[in-house]
Structures are given as C-alpha cells and as structure tokens.
Amino acid sequence: MHSNPSTCVAFDADGRLYSSGYDGYIVAWNDTLTGARWRTRHEGLANCLCLCGDVIASVGADRILRMWEIETGKPVRSKNSIQTDDLNSARFLVGHNAIVASTDDGRVLMFSLHNSELQWSATSGPPDVYGESIESISLVGADGDPKILFADGSGRVGILDVNGRLEQSGNFGAVVDCCIANQDKGIAYLGLDTGEILSLELDGLKPIRKAEAHAATVKSMALNSDGLVASASYDGRLKLWTPDLEPLRDICLSTVDRHAWARGIAFHPETKHMLACTSLGSNPVLIDTRSESAIVATHSSTHGINSIDVRHARVVLGCDDGRVWFGNATTVSPRVDLESMVLVVKVHPFEFFGAAGTQDGHLVLFDLSIGQIVFLHDNGGVPVISLCYSADGRSLNFGDYNGGLWRLNLASRHVERVTTVAAAIKSLCQIEESSYFAVAVADGSVSVIDSNAGGCIQSTNSEVFLPNALSWSSAMNCLISVSRDLAVRRWTKELALIHTDVGHTRSVKSLALSPDQRTWATGSYDSTIKIWDENGEIATCIGHDWPGVPALCWVDDNMLASGGWDGTLRFWSRQGVPITTVKLASHS
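What comes next concerns the included structure. (Residues numbered from 1 in each chain as written. Predicted model: local features only at pLDDT ≥ 70, side-chain atom pairs only at ≥ 80, totals over all residues. Heavy atoms only, no water.)

## Topic: the side chain of His42
Then, number 1: Mapped onto the elements, His42 comes out in the loop between strand 4 (36-41) and strand 5 (46-52).
Then, number 2: Looking at His42, its side chain comes within polar contact range of the side chain of Ser58, at 2.7 Å.
Then, number 3: At 2.9 Å, the side chain of His42 forms a polar contact with the side chain of Asp62.
Then, number 4: If sequence neighbours within four positions are ignored, His42 has contacts with Gly24, Ile26, Ser58, Val59, Gly60, Asp62, Ile64, Arg66 and Trp68. (Helix = DSSP H or I, 4+ residues; strand = E, 2+ residues; numbered from the N terminus. Polar contact = N/O pair within 3.5 Å; in protein donor to acceptor, adjacent residues only side chain to side chain. Contact = heavy atoms within 4.5 Å.)

## As for the side chain of Ser20
Then, number 1: Here Ser20 shows up in strand 2 (residues 17-21).
Then, number 2: Relative accessible area serves as the criterion here: at 0%, Ser20 is assigned to the buried category. (Buried < 20%, exposed > 50% of the residue type's maximum accessible area, 1.4 Å probe, protein only.)

## Brief notes about the pattern of salt bridges
Then, number 1: Considering all chains together, one arrives at 27 salt bridges under this definition.
Then, number 2: Taking the shortest distance from any N to any O, the salt bridge between Arg323 and Asp321 comes out at 3.0 Å.
Then, number 3: Residue class for Asp321 comes out buried when judged on its relative accessible area of 2%.
Then, number 4: A salt bridge links Glu537 to Lys530; the nearest nitrogen and oxygen atoms lie 3.2 Å apart.
Then, number 5: On the basis of relative accessible area, Lys530 is assigned to the buried category, the value being 9%. (Salt bridge = Lys/Arg side-chain N within 4 Å of Asp/Glu carboxyl O.)

## Some thoughts on the pairing of strand 29 (residues 305-311)
Side-chain direction in a regular strand flips from residue to residue, so the side chains alternate between the two faces of the sheet.
Then, number 1: In terms of burial, strand 29 is a largely internal element, 6 of the 7 residues being buried.
Then, number 2: Where strand 29 and strand 30 (residues 314-319) come together, 6 bridges link them in antiparallel fashion. Paired with Ser307 across the two strands is Gly318, which belongs to strand 30.
Then, number 3: Connecting strand 29 to the antiparallel partner strand 30 that follows it, the hairpin turn spans 2 residues, and His312 within it adopts a positive phi of roughly 55 degrees. (Pairing = 2+ DSSP bridges.)

## Here's the deal with unusual backbone geometry
Most peptide bonds adopt trans geometry, and most residues besides glycine take a negative phi value.
Then, number 1: The step from Trp546 to Pro547 runs through a cis peptide bond, and the omega angle for that step is 5 degrees.
Then, number 2: Along the polypeptide, Pro547 turns up in the loop between strand 52 (536-542) and strand 53 (551-556).
Then, number 3: Its identity is not glycine, yet Arg63 carries a phi of approximately 70 degrees, on the positive side.
Then, number 4: Turning to its location among the elements, Arg63 is positioned in the loop between strand 6 (55-60) and strand 7 (64-69).

## Some details on the packing of aromatic side chains
Then, number 1: Per the counting criterion, the structure on display carries 8 aromatic pairs.
Then, number 2: With a centroid separation of 6.1 Å and an interplanar angle of 45 degrees, the aromatic rings of Tyr18 and Trp38 are classed as tilted. Linking Tyr18 in strand 2 with Trp38 in strand 4, this pair joins segments that are 20 residues apart in sequence. Neither residue differs from the other here; Tyr18 and Trp38 are each classed as buried.
Then, number 3: Seen in terms of ring centroids, Tyr525 and Trp565 are 5.5 Å apart; in terms of plane orientation they differ by 40 degrees. Their pairing is tilted. Placement of the pair is Tyr525 in the loop between strand 50 (520-524) and strand 51 (528-533) and Trp565 in the loop between strand 54 (559-563) and strand 55 (568-573), with a sequence separation of 40 residues. Note on accessibility: Tyr525 and Trp565 belong to one class, buried.
Then, number 4: Between Arg39 and the ring centre of Tyr25, over which it is positioned, the NZ or CZ distance is 3.6 Å. (Phe/Tyr/Trp six-rings, centres within 6.5 Å; stacked < 30°, edge-to-face > 60°. Lys NZ or Arg CZ within 6 Å of the ring centre and 35° of its normal.)

Next comes the structure, spelled out in structure tokens:
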C-alpha cells in the first residue's frame, strides 16, 4: 500500500495499526496487513502520527499539521505551521484540547484543537535564530497537568509547561534523535546519534545511566505496558531493555524481514510482546519480540531512487529496495542486491566499476559489466551517505552518518580515517585537483578539509541551515551548495559567500553540475527540479510526484537525469523540457 519506505507507525487503543511514509500516504491497515481500511494522503513526507480518541494527526515535510477521522480517514482540519522546514513529531494534550508539535528549526508549537490556531511557540535555542532540530517530543506529568519533554540536535533537553514556559533544562552534548518517558518510574530515555541510550530522572533531568546500545544513531524507541524499552538503529538492530537499561534481546531486523528498518517502532497496546516496525516495503512489519520472528512480513519492495550517476552510457541508480539498478534512457533493471537501502552511488571516473553506500553501514564496490560485488567494507553499522573519488581516480573518499570522513585506497583496498567532524557528512566534493575536500555537515556547516593533514581549513560556522549537497565548479572557480533553508549558494574556496538564489518552496535536497561546469540543477522536496546558471534560474522541470527529487546527474551538457522517491527515472533537456520517463516499479 506504500510506494516508498514507511516512516512511522502507531496503534490505536483497539490495536489497529496505522503507518505513514515517504510517499505521503497514511494507511489504516486491516488486521492481517493485507489491505487498508482506508488510505489518504498528507501531500508530503509524513514524519509522525499520533492518535487521540476518534482523531489521528499527521505532521511532515510540508510543514502542515493535518487531522483525520480515525474510522474513515476523512480530513477534519489542517494548519500551516509557517515554519522553515519539517514538522517532526506531535502529541495530543487531551485535557487542554490542544496538540503540540516539534520542528526542524528547533521549536515546539502548540495548536488549539478548536480552531487550529497557534497558541505559542517555544525555541530550544536563543530567540529569533535557528535552533537545532527537535526530532522528538514526549509528554510527562499528570493528565491534568501535562508537561512537554523535548530534546534537540545539540543535546539540549528541556521540559515545558502547557504555556510554553521552560521549567527544567540540561545539555548532554550529543544529537538526540528520539526521546520517550516512563511516567510511572519518573524516567526519560534519550536515543543519541552516538548509538547510546541515556536515561534521566524526570525530576531535575539528572543522568541515571548510559547504555552503549548501537553502532549507529538510535533512530526510534518505544515503551510497552511493562515499561520495557525497545530501541531501533540504523545499524539494523532492534534491542529490548529493562527499565534500568539492562539488555534483554538483540534482534537483527533484516533476519526478521529483509525490508524492516529502524525509522519508527511502536508496541501493540495489549499484546506487549508485539511490535510494529517501519519498512522499506509496501507495508510495515509486525514482530514477535519473544520468538524474534515476523508475525506479518512485508509484501513487496518499494523503488524510491536515492542516488544516480551516469558514466559510459549507463545509468546507475541506488534505490530503497536495497538494489543497484543499471540501464539507459529507455529501460532499467536491478543488477546488484545489497540487501539494505542504497543511499549513494558513484561510478569511477575512468574504470568500469562503481561504489555504493548502504543504510546498514557498508561501502560496496561493484563491477558494472557483470553486476557483481568485488569489494565490501564493513563500516561498523554506521550508514555510508556520501562518496567522492579523487581526481586521479586512485582513492575513494566516503562520509558517514557519525561524521567520519574515510579514504579507501582502490589499489590496496586499505581504508583509513581522514578526520571526524561534528555530525553526519551529507555530501563531499574535491576542490580542484588539490588535497582539499568540501564537506556538508548536518550540524549546519560547510567546511573545507585537508585530506592529507586531516584538519579543517575553513568553515562557515553553522551559517547554512542543514546543507544537503555540494559541487565544485572549476570553470567558475566556486563551490555550490544547497540546503534546507531553500537557498542555492555560491562560495569561494575560502568559503566567502558570493551569491544566493532562492527558487524552491521546500528543502533543496540534490545538486548536479553539468559537464561544462557552468550549469547546475537542483532537486527539492517540492518535487520540482530547477536549472540554473550564473545569471539565475533557466528552467523548472515538473513531473515527479511527492515527496521529492533526491537524485540528479547530467548525462551530457544537454540532458539531465533525475531520480525521484516516486520510483521514476526522468530525462530532461537543458531547457527543462521532458524527454522520457522510466518507471522502476514496472520492473519489480
């Protein structure tokens, strides 16, 4: 029922399951997960579902809070938050007829359920500046006097009252991707980007214990009725813990179901050993945590395209379904199965092989002619999310989710660490033919790294709001960046800002520089592609469906290829005219 990976799951009081995904659809599942009671669309990647009585609420990348009838899926109301980027999490405040939501620009918002109007906005950082993203919030306190627990990307943790006043706060110095609270025991649990889980006393926010839980970011957590804690990570593991963070079970998600992934989990409200997990397939996975087996497994793969490269007249795609697809402008087919979401692909500039980075933390080299894996590097469960060959083609540099920048010697197959930065390396590119690389870091900075010395030469000092992609143009002698604040920027190699363009209406995700290095294309969560030169916007390409265009690459100076999370590969002229479309799903 989903055409892209699911992003969150939730049960209602009767144990009926709901899911949302990258495709923007919200699905109310039947008991066997073979079909939907109803299906509706959020119109953008949906990050969170929360339920209260006869209403289900969804928030997501379109910055809109939407509410639906739980029995029919009919819309009840919606409210534009007028924020810069995603709404990440939401919770109902039942006794106050309100709902609270958290945002990517570091705010907690409260809306009235009567008229959907904004009641207040509280920031995790200084007023009137971008805060660090608040990925998750949780409710604490008695029903009549609820409080809002939040934690952000800088390690700030706080508790707000229902009027948005900060009652308690602390800083624990690590990116917090999820938080939950056990009200009965007075404990909060934070899932960190270091792979650790930190437990805190709710009274005073004093640390209790830190468990070394996972090899990569703890992406989601859940509590069952006995107070047991479940954690899921991009290392591909699902773990169960006692309330005191003593380990109980360690489950490999891909062993349970090859499509299961850690974006979201939820315990069944009555069957306390049953847990729902998000999936790379068309429906969520139900897991029996006692037998470590799937009760209901996913049905089929989805085919969202995460990355694209073109070389030697071949199109190479990295996809949600865990496969690398090969093809051309008329047909594509899966050739290499990496059994984990493929986040990035790059074809060697001279030789007939490519590289891929995966969600489960592998760097893979594959032969383009025969479609076989020729080398596999285990990155310790930490996702590999960016790749860049050196100009001479002798080495491959790769960045990971924990901020590690690495170099693979392609002749010896030796891997060495270059440096570590503050957060995930979203993108990297070589500056000219030097030892300098520009890196886009998830803390909001763009930095220049000397790959020989391993040190930072220059940095924008977090001036860029969540940069997503970079390219260096030798022809124009400048660095181009795109980011979540909608900006397309040009910089000198010393990172002095040259120019800023804004054309997209949502976060700019992807960037591709033409072979002549004087034209560039950008793809966005608004599902459009824009083509630019130094004088500004040339064309807008419209055709991809939600939730966006994460993959771009020029075939030559006159043809652009784009890959969408809608599972389509599209080709465009330099003037933005559509040439042809290939649907991956038809080849599944």
